Structures are given as structure tokens and as C-alpha cells.
Amino acid sequence: MSLLPYALARPFLFSLDAEQAHDLTLDGLARTQNTPLACAYAARRVDDPITLAGLTFPNKVGLAAGLDKNARCIDGLAAMGFGFIEVGTVTPKPQPGNAKPRMFRLPQAHALINRLGFNNDGLDAFVANVQRARFRKTVGGAAPMLLGLNIGKNAATPIERAIDDYLLCLEGVYPHADFVTINVSSPNTANLRTLQSDEALDHLLGRIAQRREALVSAQGKRVPLFVKIAPDLDETQVAVIAAVLKRHGMDGVIATNTTLARDAVAGLPHGKESGGLSGAPVREASNRVVAQLRAALGTGFPIIGVGGILSAADAQAKIEAGADVVQIYTGLIYRGPALVPEVAKALKGA
Ligand SMILES: Cc1cc2nc3c(=O)[nH]c(=O)nc-3n(C[C@H](O)[C@H](O)[C@H](O)COP(=O)(O)O)c2cc1C
């Protein structure tokens, strides 16, 4: 049980600029992880194992990518009781991202809008941080939490050369990942989402699958590959993506990233900011994409459902839509770390 109720910390954090609050929280996690102070946010991990893509997930709740872009806080986040966490998106070279301000809270809608633009310290720093994490050594007899490493492209790399960036990142993270996520769905890197179209995705995943085979031979382990997609896709586009994923032997899909739609936040302060909208307003579109993916992929193909989970009931709805496990990001900002065991308990055995 956490010693510091999030209800006490939240008003202070919400009085700050959203990105400042985020940076302060991550600095705090980085400083306190692996120390007795971690009891302020630690929770016992709910034991509810499920096997997907050949991996045993200790429970069904994960942290979505983008909260810890540089993999600085893996152990602190692991202490919150997640069954798996995803860090990144990492790009080959460091880059500053877009101009600030670039992250906004919409509290009336339980939402965020961000246009960070893959601000990160680059692949070398990311891998060094991942290697420093101790979570695999401190689990005792329990199944270790799983670590997903999420990869993307630099803003300065032309979209025609995007494959080079993904391959560089894949090579770099492969030895350290339980799974690798290929992010082709951030709305904040120009043209990234065009990689989701039939021909572009076919070409990208073909090259990535080929490189993975080389890595399997060289390193003697097969790391599952997941592809993360947007909610702003129609049923035909989802069906095309599903076919391409299967064609190239991808191991799973993560649905979804943030949305470009703004109807749910029209008229709210910050409702017109550009970027990706997350939290409650993306839930319906994410659930629709999950359901369409499940229909197109059939049973047995792993789907990680993400988007708009702020309660146990939201997570249950995501599983009912067809997801095997779920991830959260914005819910953590509004509900705090207590949401993790709450959702994990509710999904136990689901
Ligand atoms: C501030 C912020 C930054 C994000 N950065 C990334 C990222 O770098 N890579 C990625 O794949 N998804 C990123 N996401 C998307 C989330 O992982 C998630 O897919 C999306 O927010 C929907 O889930 P949620 O409603 O629980 O937040 C980001 C989301 C937010 C709010």
C-alpha cells in the first residue's frame, strides 16, 4: 500500500505546467527507485500470469510508451505493480522534440493533448539506462515483469529513409528487450503515420522481419515484435494492417496511440491544441479498433489494448472488445499509481 496518497500529490502537480509536473515526477522516481523511499508509490504486484507471444506476462496491466522516454525510471515504475512496462519511443539520435509548451491537461475530459515529438536522449543513452535497471534481479521467486522497448525515427530523417532508423534502433535494443514495439502511429512526427498504409507498412515490416531473423541467428533468442497503431483508422485500413502483420510474422499489435480527433473536447480549454489526444476521449475509438483487429486477426493473435483506461471497468471493456492485456498512461496522471493494482485485480482471471 502506498504511503503517499496520490490525492495529496495531485493538486500540487496539477498546479504546475503539465510537462514540468511530468519532469518533476520522473526526477523523483529516478532518485527514489531502489531506495526505501520507493514505498511512497510501491504496490504488491497482482499475480495473474498470461502467456502471449511466447512470453509470460505476470499480470494484465502494463505501462504505455511515452511516459519514460529515456528508460530512466524502469525500477520505480516496476515497483508500482505493473506486469509489463514499455519505455521509449527512442530514436537513433538524441533530439529535442517540438517547441514548448507541448503538453496540456484537459481535466474536465480526463484527457491530455501532447505534441512532444519524440523528445529523447537517443539510442545509446537509452540502452545504457536499460542496462542499469535492476528489476530483473530483485524479483525473488516471482515471474519477472516484462520490458518492452519502443522504437521510432528521428524527425530529421526523411520518411523515405525511415526504415534505416527503425533497423538501427532494432539492432540496439534487441539484446535488452522482452519485446520490441515498432511505433508507426505517433501523430507528432511528420508523415510517420503514412507508414501504416498498405505498401509502406508491407515494405517496413518486411525489412524488419528480415533483420529480426538475422538477429535470431546471431543472438540465439527470438524477441517478439509488436506494432503500435493509431485509432484514426477505418475498418478497411484496420483489416489491411491486420493482413500485413500476419504476412510478416509480427507477434502482436498495440492499439492504440493518441487520436487527432477533437470532437470530444470541442469548446474545452486547450481543446484546439494540436497533437495527440489521450485519456477518456480516445477510449471509444481505441475499443473500436481493438474489436476490428480481433475480428480481422481471429483468436490467438496477441492484442495489447490501450487508450482511455481510467478505471477497472474501462479495462474490462477493453478486454471485452478483444484485447488480451491492457496498458495505461493518461489514467495514471488522473488516478495515480493506485490504478495499477485496481485494474490488475479486476482483470484477474479475465
Ligand atoms: C505525453 C504522452 C507522450 C506519449 N509518447 C508516446 C511515445 O513516445 N510513443 C508511443 O508509442 N506512444 C506514446 N504515447 C501514447 C500512449 O502510449 C498511449 O498509446 C495513448 O496515450 C493512449 O493511452 P491513454 O489514454 O491511457 O493515455 C504518449 C502519450 C502521452 C499522453
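Here, the structure is the one placed above.
Heads up: these notes are all about the structure in this document. (Residues numbered from 1 in each chain as written. Predicted model: local features only at pLDDT ≥ 70, side-chain atom pairs only at ≥ 80, totals over all residues. Heavy atoms only, no water.)

What about the pattern of salt bridges?
Step number 1: All told, the structure shown has 15 salt bridges when counted by the stated rule.
Step number 2: We note a salt bridge from Asp314 to Arg283, for which the minimum N-O separation is 3.3 Å. Of this pair, Asp314 sits in helix H9 (residues 312–321) while Arg283 sits in helix H8 (residues 283–297), placing them 31 residues apart in sequence.
Step number 3: For Asp314, a relative accessible area of 13% puts it in the buried group.
Step number 4: The network of salt bridges with common partners includes Glu19, Lys100 and Arg102. (Salt bridge = Lys/Arg side-chain N within 4 Å of Asp/Glu carboxyl O. Helix = DSSP H or I, 4+ residues; strand = E, 2+ residues; numbered from the N terminus. Buried < 20%, exposed > 50% of the residue type's maximum accessible area, 1.4 Å probe, protein only.)

Structural notes on the nonpolar core
Step number 1: In terms of nonpolar packing, the biggest core is built from 99 residues, with Ile74, Tyr166 and Ile182 touching the most fellow members.
Step number 2: The dominant element in this core, judged by the number of residues it contributes, is helix H5 (residues 162–173), at seven residues.
Step number 3: Aside from chain neighbours lying at most four places away, what touches Ile74 is Gln33, Asp68, Ile85, Val87, Val130, Ala133, Phe135, Met145 and Leu147.
Step number 4: The next biggest cluster of nonpolar side chains, apart from the first, holds six residues, and it includes Leu106, Ala109, Ile113 and Val265. (Core = buried A, V, L, I, M, F, W, Y, C linked by side-chain atoms within 4.5 Å. Contact = heavy atoms within 4.5 Å.)

Some words on the site of the ligand
Step number 1: Around the ligand, the structure places 25 residues, and the nearest of them are Ala65, Thr89, Lys228, Gly308 and Thr330.
Step number 2: Here an oxygen atom of the ligand and a backbone polar atom of Ala65 are 2.7 Å apart.
Step number 3: Its free accessible area being 600 Å², the ligand has 98% of it covered by the protein chains.
Step number 4: Where the shell around the ligand is concerned, the elements lending two or more residues are strand S4 (84–90), strand S6 (111–114) and strand S11 (276–279).
Step number 5: Its residues assigned to classes, the shell around the ligand comprises nine nonpolar, 14 polar and two charged. (Near = heavy atom within 4 Å. Polar contact = N/O pair within 3.5 Å; in protein donor to acceptor, adjacent residues only side chain to side chain. Areas by Shrake-Rupley, 256 points an atom, 1.4 Å probe, with all protein chains shown as cover. Nonpolar A, V, L, I, M, F, W, Y, C, P; charged D, E, K, R; others polar.)

Re the packing of aromatic side chains
Step number 1: Throughout the structure, instances matching the rule amount to five aromatic pairs.
Step number 2: Aromatic side chains Phe57 and Phe84 sit 4.9 Å apart centroid to centroid with 85° between the ring planes, which places their arrangement in the edge-to-face category. With a gap of 27 residues between them, Phe57 in strand S2 (residues 55–57) and Phe84 in strand S4 connect regions that are remote in the sequence.
Step number 3: Of the residues examined, Phe57 reaches a relative accessible area of 0% and is grouped as buried. (Phe/Tyr/Trp six-rings, centres within 6.5 Å; stacked < 30°, edge-to-face > 60°.)

Some points on the sheet that holds S4
Step number 1: Within the closed barrel, the eight strands sit side by side as S3-S4-S7-S8-S9-S10-S12-S13. Their pairing is parallel. Strand-to-strand, the axes of this sheet are offset by a mean angle of 25°, without reference to chain direction.
Step number 2: With six bridges connecting them, S4 and strand S7 (residues 146–151) associate as parallel partners. Looking at the pairing, Ile85 lines up with Leu147 of S7.
Step number 3: Here H5 sits on the sheet and contacts S4, S7, strand S8 (179–183) and strand S9 (225–229); the angle it forms with S7, its principal contact strand, is near 155°. (Pairing = 2+ DSSP bridges. Axes fitted to C-alpha atoms, helices over the stretch in contact; angles between N-to-C directions.)

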